[in-house]
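# Reading the structure
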Amino acid sequence: MTMGSAVLVVFLLTVTPAAFAANSEADGFFAALQAQCGARYVGASTFPPDPAHDFAGKTLVAEINSCQPDEIRIPFAVGEDRSRTWILRREAGGLSWKHDHRHADGSPDAVTMYGGMATGAGTVLQQAFAADAYTAALLPAAATNVWTVTLSADGSTLTYHLARHGQPRYEAVLYRQPVQH
């Protein structure tokens, strides 16, 4: 091993996960969402139009309220159900999007922490996350899921879109609410 190779190995072993994403579209997306820390988005399901869907007719609320250097947590309420949190995390492999589901006592649901990694085809305002191996094992039907999260250029709209087998499966559009004093 040459001296240069040794230095590279030491660097790669000590660099933080955030450094891997530096200067990328994914890093820009992370920064754009982090700039919304403290924001509250309220909206509704826009697809499917099926009134029997679990989220149909319910107010959806996403609050970007926990912003760390490598992780953003976004509690996501569906009506009175506050059991969900979206987690955007910078990792050595890139940017991940997870769904953390909890029971009222805070214990994890049997179906939790599913999601995936950014596909690499995103922008600073939109990232798509393809289902990872954990998700495919936990929810085999979701093995082809791709979650796409979009923030409007002015930060006024947050859109959450889910596709399965390349077809739209769910979408919600949420609008930033004025800060309450």
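An account of the accompanying structure is given in this report. Note that the structure is predicted; figures quoted are calculated from it, not measured.

### Looking at the nonpolar core
Of all hydrophobic cores here, the largest spans 31 residues; its most connected members are L33, W86, L88, W97 and L158. No other element matches helix 3 (residues 25-34), which puts five residues into this core. Apart from residues no more than four positions distant in its own chain, L88 is found in contact with F29, F30, L33, D70, E71, I72, L95, S96, W97 and F129.

### Describing the pairing of strand 10 (residues 157-164)
Among the eight residues in strand 10, seven count as buried, and that is most of the element. As paired elements, strand 9 (residues 146-151) and strand 10 share six bridges and run antiparallel to each other. Among the inter-strand pairings, V149 is bridged to a residue of strand 10, identified as Y160. Where strand 9 hands over to strand 10, the hairpin turn is made up of five residues, of which G155 adopts a positive phi near 75°. Direction of pairing for strand 10 relative to strand 11 (residues 167-176): antiparallel, over a ladder of eight bridges. By the bridge assignment for strand 11, L158 is matched with L174. Hairpin connection from strand 10 to strand 11: two residues lie between these consecutive antiparallel strands, with H165 at a positive phi of about 55°.

### Description of the pairing of strand 8 (residues 126-131)
Sheet topology note: the strand 7 (residues 114-118)/strand 8 ladder contains three bridges and is antiparallel. Across the sheet, the residue bridging to M117 is A130, located in strand 8. Here strand 8 pairs with strand 9 via five bridges, running antiparallel. The partner of A128 across the bridge, within strand 9, is T148.

### Focus on the packing of aromatic side chains
If you walk through the whole model with that rule in mind, you get nine aromatic pairs. Measuring from ring centre to ring centre gives 5.4 Å for W86 and W97, while their planes differ by 45°; the resulting arrangement is tilted. Highlighted residues: W86 in strand 5 (residues 81-91) and W97 in strand 6 (residues 94-101), separated in sequence by 11 residues. Residue classification places W86 among the buried positions, given a relative accessible area of 3%. Overall, W97 belongs to the buried group, its relative accessible area being 0%.

The rules behind the values
- Residues numbered from 1 in each chain as written.
- Predicted model: local features only at pLDDT ≥ 70, side-chain atom pairs only at ≥ 80, totals over all residues.
- Heavy atoms only, no water.
- Core = buried A, V, L, I, M, F, W, Y, C linked by side-chain atoms within 4.5 Å.
- Buried < 20%, exposed > 50% of the residue type's maximum accessible area, 1.4 Å probe, protein only.
- Helix = DSSP H or I, 4+ residues; strand = E, 2+ residues; numbered from the N terminus.
- Contact = heavy atoms within 4.5 Å.
- Pairing = 2+ DSSP bridges.
- Phe/Tyr/Trp six-rings, centres within 6.5 Å; stacked < 30°, edge-to-face > 60°.

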